[in-house]
Amino acid sequence: MRNPELTTLCYIEKDNRYLMLHRIKKEKDINKDKYIGVGGHFEYGESPDECLMREVLEETGLKLTSYRARGIVTFIYGDEVVEYMHLYTADGFEGTISDCDEGELVWVEKDKVCELKIWDGDKIFFGLLAEDRPFFSLKLVYSLNDELIEVRLDGKDITV
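Residues numbered from 1 in each chain as written. Predicted model: local features only at pLDDT ≥ 70, side-chain atom pairs only at ≥ 80, totals over all residues. Heavy atoms only, no water.

(A) Region of interest: the side chain of His-22. Following the sequence through the fold, His-22 ends up in strand β2 (residues 17–22). From its side chain, His-22 meets the backbone oxygen of Asp-33 in a polar contact 3.4 Å long. Other than its neighbours up to four places away in sequence, His-22 contacts Asp-33, Lys-34, Tyr-35, Glu-102, Gly-103 and Glu-104. (Helix = DSSP H or I, 4+ residues; strand = E, 2+ residues; numbered from the N terminus. Polar contact = N/O pair within 3.5 Å; in protein donor to acceptor, adjacent residues only side chain to side chain. Contact = heavy atoms within 4.5 Å.)

Here is the structure:
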């Protein structure tokens, strides 16, 4: 049995838009062709905030100046992946966006994000972010063909 992965995921906000990463550059990528936020895996000894700051800088060239922890997302993909994502939003940053070696960075109107090719479970947490829900725990279980088969919010089942 493999250990679960620890990651951060951040949605940077500006002018009622989110900065989205269209994952098109890596061949072997669970997120291939999907739009996601920016972030990545913890390095040994990092706190969630340290991981967030490092990953955002590496992927975007931006230094965050204002951000907020929004929840923990447990992402399970068949028997392949168990990932605990520390979900953040950020509304302050310095710097200029640089090229990302994992995909294309694009600003997308918040009300258009769910029209993109995203994970079905992401639509759930975007709704929670939009309603400014306090810190939450969201469990998303997918089959290996990307079908969302189980959702739990703060320990309670949600019908899929």
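Now that the structure has been shown, we can carry on.
(B) Up close: the packing of aromatic side chains. Within this structure, the stated rule accounts for twelve aromatic pairs. With a centroid separation of 5.2 Å and 80° between ring planes, the pair formed by Phe-75 and Trp-119 is classed as edge-to-face. Within this pair, whereas Phe-75 is found in strand β5 (residues 63–77), its partner Trp-119 is found in the loop between β7 (104–109) and α2 (120–130), the two being separated by 44 residues in sequence. With respect to class, Phe-75 is no different from Trp-119; both count as buried. Where Phe-93 meets Trp-107, the ring centres are 6.2 Å apart and the plane angle is 25°; that geometry is what we call stacked. Placement of the pair is Phe-93 in strand β6 (residues 81–94) and Trp-107 in strand β7, with a sequence separation of 14 residues. The class for Phe-93 is partly exposed, based on a relative accessible area of 24%. One aromatic cluster is present, built from ring pairs that chain together Tyr-11, Tyr-18, Phe-125 and Phe-126. The lysine or arginine in question, Lys-14, covers the ring of Trp-107, its NZ or CZ lying 5.9 Å from the ring centre. Its guanidinium or amino end placed over the ring of Trp-119, Lys-34 lies 4.2 Å from that ring's centre, counting from NZ or CZ. (Phe/Tyr/Trp six-rings, centres within 6.5 Å; stacked < 30°, edge-to-face > 60°. Buried < 20%, exposed > 50% of the residue type's maximum accessible area, 1.4 Å probe, protein only. Lys NZ or Arg CZ within 6 Å of the ring centre and 35° of its normal.)

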